[in-house]
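Read off the chains here:
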Amino acid sequence: MGDLASLLKESWSLVEEHQDKVAGYFYARIFLRYPDLRDLFPVQMDVQRARLLGAIVTAVQTLEDPERFDEYLRALGRDHRKFHVEPEHYEVVGGALIESMRAFAGEDWSIEYDQAWADAYAVIASKMLAGADADPNPPYWYGEVVAHERRSRDIAVFTVLPLQTLEYRAGQYLSLECPRYQPRLWRTYSPANAPRRDNTLDFHVRAVGAGWVSSALVRRMQVGDMVKLAAPMGSMTLDRRSTRDAVFVAGGTGLAPIKSLLEELTRYNRTRWVHVFFGAQTREDLYDLADLNRLAARYPWLSVVTACSDDPTFPGEQGYISDVVAKYGPWKEHDFFVSGSGRMVKATLKRLAELQVPSVRIKYDSFSD
Ligand SMILES: Cc1cc2nc3c(=O)[nH]c(=O)nc-3n(C[C@H](O)[C@H](O)[C@H](O)COP(=O)(O)OP(=O)(O)OC[C@H]3O[C@@H](n4cnc5c(N)ncnc54)[C@H](O)[C@@H]3O)c2cc1C
Ligand code: HEM
């Protein structure tokens, strides 16, 4: 596999500098050959926002050993059914990928490069197709928004009732599309509750900067709107066999999967101490504190520590939640669950490494792609 990996890297380096143009050409080839495929992609598709080319190049280059990533690729294939991707599309996309690199690499391109990309793409595509083929579930579920509450300027908590049962495990995430406001744009969100008998799912969403989907979910979505939900993914789940005490570290709406895990624990835990660290910039962003405090008052095994990094009069801890966790402890024997923005997760993992928490005991979800 070493040779194949170096051929892939070498050939991509010939066109990397012209990525935007390569992407433009790539999509033009696809849509020329298969005009119907245009309908699978978002309405506004300036090249920078087009994810597919970047995603494939990253996948082909990083998944040097596709066997190791078998489960990830099968899940990706299953998940692609939500885009209405059909098996015959894989060949069109693979062909366009190689043609566009060849077009921009010019004379430096070689037949070995063609072969390397064709081989690597074929292995990945076959795993994705196998995953899609074996999936007994629908490509996506429709759900109705049955509650929507603004908790702060940028944060909303809403509840969706799927029209068919959608099975998931506490701590997982799933992708969501809101066709009324942002058709064909899917983003991942984590249900904030453990599975319920009535099948409803709560979501906690923060509208980020110029975010397309999150701002629609927070500011425009209303009760009665329909959303689409795709199959759950992710492995930040509880190991029921573990007897270790647990620490949950959440930044902002990173609280969502943590709350789901907590809710699962309330159904069976009697023996494990559980510590929740919940951080945000200002107290307004600690949008679910009332509910967390209610849980802590009811379950003696649960403690909650809050921190604000940018609210000097906040009566709880001051500073980044990653630093606050480090002040407590020792944590060497605990199971850790970390969730929040890319920056927050990275800082927390760094801290935990300094505190010598073994990485096998840490599960995390980062909101960055
Ligand atoms: C596994 C996983 C689970 C997630 N769960 C949740 C959840 O439960 N609740 C939740 O609110 N979000 C969650 N997210 C983040 C969510 O998927 C979107 O990335 C987020 O809502 C932004 O989407 P958007 O379409 O609004 O922004 P985009 O249109 O994709 O991005 C617009 C701009 O905002 C920037 N940007 C994107 N994300 C952030 C960010 N987090 N902070 C600052 N700038 C950003 C981008 O770089 C870009 O410049 C999760 C992400 C992952 C990967
Ligand atoms: C080796 C093959 C492929 C790989 C590794 C791959 C990978 C990915 C990844 C990682 C994403 C981003 C994840 C997401 O938004 O959920 C993505 C998005 C997407 N993929 Fe694929 N993909 C492949 C083939 C295809 C094919 C054949 C099609 C059919 C046209 C397709 C259509 C899409 C679409 C429509 C999106 C969303 C694009 C957007 O939001 O701009 N993919 N792909």
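Each chain has its residues counted from 1, following the order in which its sequence is written. Each chain takes a letter, starting from A, and each ligand takes a number, starting from 1, following the order in which they are written. Predicted model: local features are reported for residues with pLDDT of at least 70 only, side-chain atom pairs are reported and counted for 80 or more only, and whole-chain, interface and lining totals are derived from all residues. Excluded from the side-chain calculations are hydrogens and water; all other atoms, namely the structure's heavy atoms, are used.

(A) Seen up close, the site of ligand 2. Whether a residue is near a molecule or strand is decided by its heavy atoms; if any one of them lies within 4 Å of it, the residue is near. Around ligand 2 lies a shell of 20 residues, among which Leu52, Ala55, His80, Phe83 and Tyr121 are the nearest. His80 is positioned with one of its side-chain polar atoms (N or O) 2.9 Å from a nitrogen atom of ligand 2. Helical segments are the DSSP runs of H or I of at least four residues, strand segments are the runs of E of at least two, and each set is numbered from the N terminus. Elements supplying a minimum of two residues to the shell around ligand 2: α3 (52–62), α4 (70–80), α5 (87–105) and α6 (111–133). Tallied by class, residues from the shell around ligand 2 come to 15 nonpolar, two polar and three charged. In protein, a polar contact means a hydrogen-donor-capable atom and an acceptor-capable atom, both N or O and within 3.5 Å, with residues adjacent in sequence counting only if both atoms are side-chain atoms; elsewhere, any N or O pair within 3.5 Å suffices. Following the grouping adopted for this structure description, the nonpolar residues are Ala, Val, Leu, Ile, Met, Phe, Trp, Tyr, Cys and Pro, the charged ones are Asp, Glu, Lys and Arg, and the polar ones are all others, Gly among them.

(B) Here's a closer look at the packing of α4 against α6. Their axes nearest at 6 Å, the elements α4 and α6 cross at an angle of 60°. Regarding α4 and α6, the two cross each other, and that crossing is right-handed. Between α4, through Asp70, Leu73, Arg74, Leu76, Gly77, Arg78 and His80, and α6, the contact on the second element is made entirely by Ile124, Lys127, Met128, Ala130, Gly131 and Ala132. Among the residues making up the contact of α4 with α6, the classes are represented as six nonpolar, three polar and four charged. An axis is simply a line fitted to the C-alpha atoms; with a helix, the fit covers only the stretch in contact. Between two such axes, the angle follows the N-to-C directions and lies from 0 to 180 degrees. Throughout, a crossing is termed right-handed when the near helix is turned clockwise from the far one, and left-handed when it is turned anticlockwise from it by less than a right angle. Should any heavy atoms of two residues lie within 4.5 Å, those residues are counted as being in contact.

(C) Up close: the environment of Leu265. Topologically, Leu265 is positioned in helix α8 (residues 255–268). Relative accessibility under 20% of the residue-type maximum defines a buried residue, over 50% an exposed one, and the middle range a partly exposed one, all with a 1.4 Å probe and only protein chains included. Judged by its relative accessible area of 0%, Leu265 is buried. Dropping the residues within four chain positions of it, Leu265 is found in contact with Leu238, Phe248, Arg272, Val274 and Trp301.

(D) Region of the structure containing the coordination of the iron atom of ligand 2. On the protein, His80 (NE2) is the one donor atom to the iron atom of ligand 2, at 2.1 Å. Topologically, His80 is positioned in helix α4. Donor selection uses N, O and S atoms within 2.8 Å of the metal (3.2 Å for Na, K and Ca). Since no water is included, sites may look incomplete.

(E) Examining the site of ligand 1 more closely. Taken together, 20 residues lie near ligand 1, and Arg187, Thr188, Tyr189, His204 and Ser214 sit nearest. Backbone polar atom of Ser190 to an oxygen atom of ligand 1: 3.1 Å apart, as the coordinates give it. Values of accessible area rely on a 1.4 Å probe in the Shrake-Rupley scheme; residue burial ignores everything except the protein chains shown. The fraction of the free accessible surface of ligand 1 (930 Å²) that becomes covered by protein chains is 74%. Elements supplying a minimum of two residues to the shell around ligand 1: β4 (187–189), β5 (201–206) and α7 (212–219). Of the residues that constitute the shell around ligand 1, the class distribution is nine nonpolar, seven polar and four charged.

(F) Quick peek at the environment of Pro162. Along the chain, Pro162 falls in strand β2 (residues 155–162). Its relative accessible area of 4% is what places Pro162 among the buried residues. In this structure the C-alpha to C-alpha distance between Pro162 and Val305, which are 143 residues apart in sequence, comes to 34 Å. If we skip the residues at most four places from it in the chain, Pro162 touches Tyr142, Gly143, Asn199, Thr200, Leu201 and Leu229.

(G) Just the nonpolar core, in detail. Buried Ala, Val, Leu, Ile, Met, Phe, Trp, Tyr and Cys residues that are joined via side-chain atoms within 4.5 Å together make up what is termed a nonpolar core. One finds Phe26, Tyr27, Ile30, Leu53, Leu97 and Trp117 to be the most contacted residues of the largest nonpolar core, which totals 36 residues. Residue assignment for this core shows that the elements contributing at least two residues are α1 (2–15), α2 (19–33), α3, α5 and α6. Contact partners of Phe26, with chain neighbours within four places excluded, come to Leu52, Leu53, Ile56, Val93, Ala96, Leu97 and Ser100.

(H) Summary view of α8. Between its first and last C-alpha, α8 extends 20 Å over 14 residues, near the 20 Å set by a 1.5 Å rise per residue. For α8, the tally of buried residues reaches twelve of 14 residues, placing the bulk of the element in the interior. Listing the buried residues of α8 in full gives Leu255, Ala256, Pro257, Ile258, Lys259, Ser260, Leu261, Leu262, Glu264, Leu265, Thr266 and Tyr268. Looking at the packing, one finds that the buried side of α8 touches β5, β7 (246–251), β8 (274–280), α9 (289–298), β9 (302–308) and β11 (335–340). A helix's residues, less one, multiplied by 1.5 Å, set its expected span.

(I) Local environment of the sheet that holds β8. If you trace the six strands from one edge of the open sheet to the other, you get β10-β9-β8-β7-β11-β12, paired in parallel fashion. Two strands in the sheet have a free side with no partner beyond their single neighbour: β10 (317–318) and β12 (362–366). Pairs of strands are assigned from DSSP output, requiring at least two bridges between the strands. Pairing of β9 with β10 involves two bridges; the strand directions are parallel. Across the sheet, residue Ala307 finds its bridge partner in β10, namely Glu317. The strands touched by α8 are β7, β8, β9 and β11; relative to β7, the strand with the most contacts, the crossing angle is about 150°.

(J) Structural view of the side chain of Lys127. Residue placement: Lys127 occurs in helix α6. Given a relative accessible area of 12%, Lys127 falls into the buried group. Of the polar contacts made by the side chain of Lys127, one reaches the side chain of Asp70; its length is 2.9 Å. Lys127 has contacts with Pro66, Glu67, Asp70, Leu73 and Arg74, leaving out every residue within four places of it along the chain.

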